[in-house]
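Residue-level listing of the chains:
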Amino acid sequence: MTQTTKPKLIDENGRRLDGRGPTDLRSLKIEVGILEKSDGSAYVELGKTKVYAAVYGPKEAHPKHLAIPDRAILNCRYHMTSFSTDERKILGMTRREVELSKVIREALESVVFLEEFPRSAIDVFVEVVQADGGTRTAGLTAASLALADAGIPMRELIAAVAVGKVDGTIILDPSDIEDKYGEADMPVGMTPSSNTIVLLQLNGKMTKDEFKQGLELAQAGIQKIYQAQREAIRRKYGASTTEV
Amino acid sequence: MVEEKPQIVLPGERLCVLEEFLSGKGTRVSADGVVFATVVGRVKFDRNKREVHVEVIKELDNITVGDIVLGEVRELQSKSAMIRILGKNGRLLKHQRVAALLAKPGSKESLGHYVSVGDVILAKVTSIISGLLNVSIWEPGLGVIQAICDNCGSTMTNVKKDKYNVYCPKCRKFDTRKMCAHHGNEKRLYSWLGLMT
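To keep things clear, this report deals only with the structure shown in the data block. (Residues numbered from 1 in each chain as written. Chains lettered and ligands numbered in written order. Predicted model: local features only at pLDDT ≥ 70, side-chain atom pairs only at ≥ 80, totals over all residues. Heavy atoms only, no water.)

## Structural notes on the overall build of chain B
Threshold: Labels follow the DSSP assignment, with helices taken as runs of H or I lasting at least four residues and strands as runs of E lasting at least two, numbered in each case from the N terminus. Radius of gyration: C-alpha atoms only; globule rule: 2.2 Å multiplied by the number of residues to the exponent 0.38. A simple rule labels every residue: compare its accessible area, found with a 1.4 Å probe on the protein chains alone, to the largest value its type can have, and call it buried under 20%, exposed over 50%, or partly exposed in between. The contact criterion used is simple: two residues touch if any of their non-hydrogen atoms lie within 4.5 Å. Areas reported here follow the Shrake-Rupley algorithm with a probe of radius 1.4 Å; residue values treat only the protein chains shown as occluding. His is not counted here, nor are the chain ends, while Lys and Arg score as positive and Asp and Glu score as negative. Just so you know, the charge point we use is NZ for Lys, CZ for Arg, CG for Asp and CD for Glu.
For chain B, the helix and strand inventory stands at one helix and 16 strands. Computed over C-alpha atoms, the radius of gyration of chain B comes to 22 Å, more than 25% over the 16 Å expected from 2.2 N^0.38 for 197 residues, which places it beyond the range of a compact globule. Referenced to the eigenvectors of the C-alpha coordinate spread, the extents of chain B come out at roughly 70 × 40 × 25 Å. When the 197 residues of chain B are sorted by exposure, 45% land in the buried category. Put simply, 52% of the contacts in chain B that link residues at least 6 apart link residues at least 24 apart. Split by element, the accessible area of chain B, about 10200 Å² in all, is 51% carbon and sulfur. Computing the positive centroid from 30 side-chain charges and the negative centroid from 21, chain B places the two 7 Å apart.

## Some thoughts on the side chain of A:Thr81
Residue and element names in this part refer to chain A. Mapping Thr-81 onto the fold places it in the loop between strand S4 (73-80) and helix H1 (95-109). Given the relative accessible area of 10%, Thr-81 is considered buried. Apart from residues no more than four positions distant in its own chain, Thr-81 is found in contact with Lys-89, Glu-127, Val-128 and Val-129.

## Here's the deal with the interface of chain B and chain A
Stated formally: Here the quantity called buried area is the total loss of accessible area, with a 1.4 Å probe, experienced by two parts when brought into contact, counted for both. For this analysis, a salt bridge means a side-chain nitrogen from Lys or Arg found within 4 Å of a carboxyl oxygen belonging to Asp or Glu. The term polar contact refers here to a pair of N or O atoms within 3.5 Å; inside protein, the definition further demands a hydrogen-donor-capable atom paired with an acceptor-capable atom, and it admits residues adjacent in sequence only when both atoms are side-chain atoms. Each residue is assigned to one of three groups, with Ala, Val, Leu, Ile, Met, Phe, Trp, Tyr, Cys and Pro labelled nonpolar, Asp, Glu, Lys and Arg labelled charged, and all others, Gly among them, labelled polar.
Opposite the 32 residues of chain B that make contact, chain A presents 37 residues. Across the interface of chain B and chain A, roughly 2700 Å² is buried in total on both sides, 57% from carbon and sulfur atoms. Area buried by chain B at its contact with chain A is led by B:Lys58, B:Leu60 and B:His95, which between them contribute 20% of it. Seen at the junction of chain B and chain A, the total is five salt bridges. One can count twelve residue pairs in polar contact (both at pLDDT 80 or more) joining chain B with chain A. Going through the elements one at a time, strand S1 (2-9), strand S5 (34-37), strand S6 (41-46) and strand S10 (91-102) of chain B are the ones with two or more residues in the side of chain B that touches chain A. Class assignment for the residues of the side of chain B that touches chain A results in 16 nonpolar, eight polar and eight charged.

Functional significance is not addressed by these values, which are geometric in nature.
Quick look at the structure:
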């Protein structure tokens, strides 16, 4: 049954509905190289949000007229499976999925050295198998790992997380219900070493100070996600990723 | 002396500054002179060349100049042919590519005298210009490894009759090809592709 009244999202002790504090991430699980037939793949699980990403290429661009003579084209498809949400999602690409495919593609284009593969195409598929908020950020995190797993040269990895505002409090990594009843939602994608913002969207209202606080909170969350990305690659390739 | 570090680096990880080592394969230099990794791999410091490399864990199917490739002739014109590259240096490619085969330099004969549509050829990559591959079969050891009859589509066999060097046992057509040393040797073809058990 759909809930119509707004639930209390933060209790007297400052705890959220799932027991987290405002600055806590949901439980995070990252795996790399899980899809055998793809060139690179990754799986990201953030709480109940579960996302797969697969990369194919670089390969020849099809149709031919889309090929660019001095760089590769990056095709990105963000898609939610019909069973990923509470109510069955219709098949095919919705307007939202088309938009998210675009923002993820643009974020990835800023870190991939596309000029190394002229007249080629790199296909990135992001498939959301279970959605509970933060699917675009989990998708971007997974897509960047899958590109690295495919051996495609990149400036840096990307880690992404959303921050939200619920009951006047800035929170990290809002879940679906916090996203629905919250006052604002701000997905942030960053390169963890140089702290370059590659994705920033804001839905709702935040004051200048809240925005600043949210960005700092996102940055802290991104560093945690980056550590998990490093760990995932270390697990897959069996060696330490400590600083050289 | 090449020193290999056991650590795996990730894209964007700082390796050294330009004054210590020059940027090699799998690395780039940032605007402030820091050499960083661009791929997931193992770091190698070449102390003789003063270069740092990152040996990528998953090698891409990159085709470079000088590679010997196996291809199929898809389209044929008098001066050029379109080749679909199936494998390189003894293994199949995951993502096939297209290359151009140009007529023999200085020859007035049509390319149809040397290859035919459907033929499997061994060729050498001679140039890559902004992603466009050019291959050549005009070297000893290169050429048609399996000839296909352009009349009936059967595999042709070696023969020596007048100017002809291939023969179709099904439709009895004689034809000419620029053959490679192992023409008609299926075992050789399969082993080249790594398909022999």
